[in-house]
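So the chains spell out like this:
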Amino acid sequence: MGIQNRDGIIVWLYNTKYLRVLRRYGYVHYISKRMKYALLYCDREQTKKTLNQLLKLKFVKAVDVSHMQEVRTTYEKGKTRAEERDERLMSEQVR
């Protein structure tokens, strides 16, 4: 069993009364009742279908797709020379 490719969907709500309905469309990860939004995860193959279904619901104000999968999380370089120099100077000042 491998890792499933999932997309995060932010669902902006008019009312948090119908949060149970969102469970039909994927895994509800987080709910903010004060800001009236929910973070939902669904399979990548079903994202477009789920977005269209969510937009048809009366209690949904807007739907956004998370861009987390587009953000690079691996970094090639370490610290720059200036950062290393600043760290040395700071450590010398502490002594």
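Residues numbered from 1 in each chain as written. Predicted model: local features only at pLDDT ≥ 70, side-chain atom pairs only at ≥ 80, totals over all residues. Heavy atoms only, no water.

Visitor: Give me the overall build of the chain: which residues, what numbers.
Guide: Each helix and strand counted, the chain has 3 helices and 4 strands in total. When its helices and strands are written in sequence order, the chain yields β-α-β-β-α-β-α. What you see for the chain is a C-alpha radius of gyration of 21 Å, clearly larger than the 12 Å of a compact globule of 95 residues, by over 25%. When each of the 95 residues of the chain is scored for burial, the buried share is 26%. Restricting the contact set of the chain to residue pairs at least 6 apart, pairs at least 24 apart contribute 64%. (Helix = DSSP H or I, 4+ residues; strand = E, 2+ residues; numbered from the N terminus. Rg over C-alpha atoms; globule rule 2.2 N^0.38 Å. Buried < 20%, exposed > 50% of the residue type's maximum accessible area, 1.4 Å probe, protein only. Contact = heavy atoms within 4.5 Å.)

Visitor: Help me get a handle on the pairing of strand β3 (residues 37-43), residues and values and all.
Guide: Within β3, 5 of the 7 residues are buried, leaving the element largely enclosed by the surrounding structure. Note that strand β1 (residues 6-13) and β3 share 7 bridges and pair antiparallel. Bridge pairing links W12 to Y37 in β3. Pairing of strand β2 (residues 27-32) with β3 involves 5 bridges; the strand directions are antiparallel. Bridge pairing in β3 links I31 to A38. A loop of 4 residues connects β2 with β3, the two strands running antiparallel in sequence, and K36 in this loop sits at a positive phi of about 60°. (Pairing = 2+ DSSP bridges.)

Visitor: How would you summarise the sheet that holds strand β4 (residues 60-65) if you had to cite specific residues and measurements?
Guide: Strand order in this open sheet of 4 strands is β2-β3-β1-β4, and the pairing throughout is antiparallel. This sheet does not close on itself; its edge strands, each paired only once, are β2 and β4. In this sheet, adjacent strand axes meet at a mean angle of 20° when their direction is disregarded. Taken strand by strand, helix α2 (residues 47-55) contacts β1, β3 and β4, and its axis lies near 10° from that of β1. (Axes fitted to C-alpha atoms, helices over the stretch in contact; angles between N-to-C directions.)

Visitor: Just give me the short version of the pattern of salt bridges, but keep the residues and values in it.
Guide: Side chains carrying opposite charge are able to pair once their charged atoms draw close together. Taken as a whole, this structure holds 2 salt bridges when the rule is applied. The salt bridge partner of R44 is D7, with a shortest N-O separation of 3.2 Å. Residue R44 is located in the loop between β3 and α2, and its partner D7 is located in strand β1; the two are separated by 37 residues in the primary sequence. Given the relative accessible area of 6%, D7 is considered buried. Salt-bridge contacts for R85 lead to D86; the nearest nitrogen and oxygen are separated by 3.8 Å. (Salt bridge = Lys/Arg side-chain N within 4 Å of Asp/Glu carboxyl O.)

Visitor: Tell me about unusual backbone geometry, and name the residues and values.
Guide: In this structure, K36 takes a positive phi of about 60° despite not being glycine. Following the sequence through the fold, K36 ends up in the loop between β2 and β3. With a relative accessible area of 37%, K36 lands in the partly exposed category.

Taken by themselves, the reported measurements are silent on function.
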